[in-house]
Amino acid sequence: VVRAVSAITTGENTGEKKSILDTWILEQQEYHKKALKKAELQLSRNDRMVTAALIITIATYVAALLFEVVCCGMLSGTSMFAPEMNDAVRTGFKLCMGIFSAVTIFANNYYGRLALPNVIDDHRKMVMLYEEAEHEIADKGEDELLLLRIAEDELYENANWYAYQNKHDEGLGI
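Counting of residues starts from 1 at the beginning of each chain's written sequence and follows it residue by residue. Reporting in this predicted model follows two pLDDT cut-offs: at least 70 for local features of residues, and 80 or more for side-chain atom pairs to be given and counted; totals over whole chains, interfaces and linings ignore these cut-offs and use all residues. Working from all heavy atoms in the structure, the side-chain values ignore hydrogens and water.

Peer 1: In this structure, what is going on with the nonpolar core? I would like to understand it.
Peer 2: Throughout, nonpolar core names a set of buried Ala, Val, Leu, Ile, Met, Phe, Trp, Tyr and Cys residues whose side chains join them through atoms within 4.5 Å. Burial status follows relative accessibility: with a 1.4 Å probe on protein chains alone, a residue under 20% of its type maximum counts as buried, one over 50% as exposed, and anything between as partly exposed. One finds Ile20, Leu21, Trp24, Ile25, Met126, Leu129, Tyr130, Ala133, Ile137, Leu146 and Ile150 forming the largest nonpolar core, which totals 11 residues. Segments assigned H or I by DSSP are reported as helices when at least four residues long, segments assigned E as strands when at least two residues long, and all are numbered from the N terminus. Listed by contribution, the elements that provide at least two residues to this core are helix H2 (20-71), helix H4 (116-140) and helix H5 (144-167). With five residues, the top contributor of residues to this core is H4. Dropping the residues within four chain positions of it, Ile25 is found in contact with Ile20, Tyr130, Ala133, Glu134, Ile137 and Ile150. Should any heavy atoms of two residues lie within 4.5 Å, those residues are considered in contact.

Peer 1: Honestly, a nonpolar patch on the surface in this entry has me stumped. Any pointers?
Peer 2: Patch criteria: residues need more than 30% relative accessible area and no salt bridge. Like-charged residues are merged within 9 Å; nonpolar side chains of Val, Leu, Ile, Met, Phe, Trp and Tyr are merged within 5 Å. For the area figures, the Shrake-Rupley method with a 1.4 Å probe applies, and any residue is considered shielded solely by the protein chains shown. Counted as salt bridges are all cases of a side-chain nitrogen of Lys or Arg within 4 Å of a carboxyl oxygen of Asp or Glu. Taken together, the side chains of Leu54, Ile58, Tyr61, Val62, Leu65, Leu66, Val70, Met80, Phe81 and Met85 present a nonpolar region at the surface, about 960 Å² in accessible area. Per-element tally for the nonpolar patch: the top contributor is H2, with seven residues. Tracing the backbone shows Val70 in helix H2.

Peer 1: Explanation requested: H2 in the structure shown.
Peer 2: Side chains three or four residues apart in an α-helix point the same way, a direct result of the helix having 3.6 residues per turn. Under the 1.5 Å per step criterion, the end-to-end length of H2 is 73 Å for 52 residues, consistent within 8% with the ideal 76 Å. Counted as a polar contact is a pair of N or O atoms within 3.5 Å, where, for protein atoms, one must be capable of donating a hydrogen and the other of accepting one, and residues adjacent in sequence contribute only when both atoms are in side chains. Looking at where H2 begins, the residue whose side-chain oxygen comes 3.2 Å from the main-chain nitrogen of Leu21 is Ser19. A helix's residues, less one, multiplied by 1.5 Å, set its expected span.

Peer 1: What should I look at first to understand the packing of aromatic side chains in this one?
Peer 2: Each aromatic ring pair is specified by the distance between its two centres and by the angle formed by the two planes. Note on aromatic contacts: the rings of Phe and Tyr and the six-membered ring of Trp form a pair at centre separations within 6.5 Å, being stacked when their planes are under 30 degrees apart, edge-to-face when over 60 apart, and tilted otherwise. Under the defined criterion, the tally for this structure stands at three aromatic pairs. Between Phe67 and Phe93, the aromatic rings sit 5.9 Å apart at their centres with planes inclined by 50°, giving tilted as the arrangement. In this pair, Phe67 is assigned in helix H2 and Phe93 in helix H3 (residues 83-114), connecting sequence segments 26 residues apart. Since its relative accessible area comes to 19%, Phe93 is described here as buried. Taken together, Phe67, Phe81 and Phe93 form an aromatic cluster joined through their ring pairs.

Peer 1: It is not clear to me how the side chain of Thr57 should be interpreted in this structure. Could you clarify?
Peer 2: Mapped onto the elements, Thr57 comes out in helix H2. Side-chain polar atoms of Thr57 contact the backbone oxygen of Ala53, separated by 2.8 Å. A polar contact is formed between the side chain of Thr57 and the backbone oxygen of Phe100, at a distance of 3.3 Å. Look past the residues within four positions of Thr57 in its chain and what remains in contact with it is Phe100, Ser101 and Thr104.

Put into structure tokens, the structure is as follows:
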């Protein structure tokens, strides 16, 4: 806190009042709008990746089942290939199913721990906070009470963000 206050007070004090809207509200609003778009894109990309891995896992299982039924003679009793070939293909299917299953579980747990929906909600809240402040300044002008209320709201949101980040570190989900 001491460092933050001393950093604020460094430099020349011109004595002129600066606009809250120009120096704080609009910049923070723009930052959170950009961060919101970025988080929404990341969530969409993560959802597509998990869905693709799940579809590939299921398709691999169906292919393995069809191989066993059709090529290995599960129903007819006669195999289309030599036993060594059947074993090699089975091993390949087992490896693929294991790898894709592991990727699906890892991706789902990893991205679930990041909780992008919560990050998106936090950015939306901050955008709304700054939009509300912008409208309030346009209606009533800038005053100390408004500054204090916005600062309290921002401190509250930043405290929530900090607590969330400490609670949800990125791990393997194991």
